[in-house]
Amino acid sequence: MYWFFVKTLGPIAKLIFYPESEGVKNIPKNGGAIIASNHLAVIDDAVIPMTCPRMVHFMGKSDYFTGKGFKGRIKKWFFTSVGVFPVDRSGGKKSAEAMNNARKVLEEGHLFGIHPEGTRSPDGRLYKGHTGVARLSLETGCPIIPVALIGTGELQPAGKVWPRRGKVKVIYGKPIYVSKIAANKITHEQIRSLTDRMTEEIRKMSGQTYVDEYAQTVKKRIAGEKQTQA
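Note that this is a predicted model, so its numbers are computed, not measured.

Reading the values: rules and limits
Residues numbered from 1 in each chain as written. Predicted model: local features only at pLDDT ≥ 70, side-chain atom pairs only at ≥ 80, totals over all residues. Heavy atoms only, no water. Helix = DSSP H or I, 4+ residues; strand = E, 2+ residues; numbered from the N terminus. Buried < 20%, exposed > 50% of the residue type's maximum accessible area, 1.4 Å probe, protein only. Contact = heavy atoms within 4.5 Å. Areas by Shrake-Rupley, 256 points an atom, 1.4 Å probe, with all protein chains shown as cover. Polar contact = N/O pair within 3.5 Å; in protein donor to acceptor, adjacent residues only side chain to side chain. Pairing = 2+ DSSP bridges. Salt bridge = Lys/Arg side-chain N within 4 Å of Asp/Glu carboxyl O.

A. Spatial organisation of the overall build of the chain. Looking only at helices and strands, one finds nine helices and nine strands in the chain. By the burial criterion, 44% of the 230 residues in the chain qualify as buried. Counted over contacts in the chain with a minimum sequence separation of 6, partners at least 24 positions apart contribute 80%. Total accessible area computed for the chain in this model is approximately 12600 Å², and 55% of it derives from carbon and sulfur atoms.

B. Structural detail: the environment of proline 146. Among the secondary structure elements, proline 146 is positioned in strand β7 (residues 144-150). On the accessibility criterion, proline 146 (1% relative accessible area) is buried. Placed 111 residues apart in sequence, proline 146 and isoleucine 35 show a C-alpha to C-alpha distance of 6.4 Å. Ignoring anything within four residues of it in the chain, the contact list for proline 146 reads Ala36, Ile171, Tyr172, Gly173, Lys174, Ile176, Met198, Glu201, Ile202 and Met205.

C. How the structure looks around the side chain of arginine 192. Looking at the element boundaries, arginine 192 is found in helix α8 (residues 188-206). Relative accessible area serves as the criterion here: at 14%, arginine 192 is assigned to the buried category. Sequence-distant contacts of arginine 192, defined by excluding residues within four places in its chain, comprise Lys128, Gly129, Thr131 and Tyr214.

D. Spatial organisation of the side chain of glutamine 208. Mapped onto the fold, glutamine 208 is located in the loop between α8 and β9 (210-211). For glutamine 208, a relative accessible area of 10% translates into the label buried. Within the structure, the side chain of glutamine 208 is placed 2.9 Å from the side chain of asparagine 38, a separation counted as a polar contact. Here glycine 124 takes part through its backbone oxygen, which lies 2.9 Å from a polar atom of the side chain of glutamine 208. Once you skip the residues sitting within four places of it in the chain, glutamine 208 turns out to touch Asn38, Leu40, Gly124, Arg125, Leu126 and Arg203.

E. Summary view of the environment of alanine 182. With respect to the helices, strands and loops of the structure, alanine 182 is situated in the loop between β8 (168-172) and α8. Exposure remark for alanine 182: the relative accessible area of 42% places this residue in the partly exposed category. When the C-alpha positions of alanine 182 and glycine 141 are compared, they lie 9.8 Å apart, and in sequence the two are 41 residues distant.

F. Looking closely at the pairing of strand β5 (residues 111-114). The two faces of β5 match: Leu111 and Gly113 on one face and Phe112 and Ile114 on the other face are all buried. Pairing of strand β2 (residues 33-37) with β5, which is carried by four bridges, proceeds in the parallel orientation. Across the sheet, isoleucine 35 pairs through a bridge with glycine 113, a residue of β5.

G. Looking closely at the pattern of salt bridges. In this structure the tally under the stated criterion is eight salt bridges. One salt bridge in this structure joins arginine 192 and aspartate 196, with 3.1 Å as the shortest N-O distance. Here arginine 192 pairs with aspartate 196, and both are found in helix α8, just four residues apart, close to one helical turn. One salt bridge in this structure joins arginine 203 and glutamate 200, with 2.8 Å as the shortest N-O distance. Note that arginine 203 and glutamate 200 are positioned in helix α8 at a spacing of three residues, about one turn of the helix.

In short, geometric facts, not functional conclusions.
The structure is reproduced here in structure tokens:
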């Protein structure tokens, strides 16, 4: 169903987003690879499939798969049919299961899409990347394709369900190739270094200001400040 939705809904969406793409040739024609992009809006995960010649598997909040009633079943069917698999953000074994699914996708020779920041940017800046992407890359030997999304945040600001019309751009950077390393041999320094390298490539392409702090931490602080003011 992935290509059905891309081919049927894609042309309609393109009348709204007017997506431009650059560096598509940097996407490997076959084999596993990680599409790692910045995250500015909900439509990010629609814009990438519209510009990528290969199917991209994404993670989705577990809430998308556990809804009740007719609406819940439809939502679960839709996300499952387009190659999205659930991730429980509570951490521990539940979150690890999603990463195992991502590893399987890569090892089977597919593309896996993920936002290293872990959540949408609260203010349009680029935040510190989580190391899960780098670990996956080193454990599987699959390259990371740094991707910059430009303009999606302006078309769909936080809280806005339907995006407004405008142009967006997707830049696919040059692959970051790595050598496969046994999981028990990977060091924290290696994954942090690779994560920072990937983030820097995204920053250079997107033109965003970098913040050396996790976006989730900033969002919690903002929410706390709002509660205090209330």
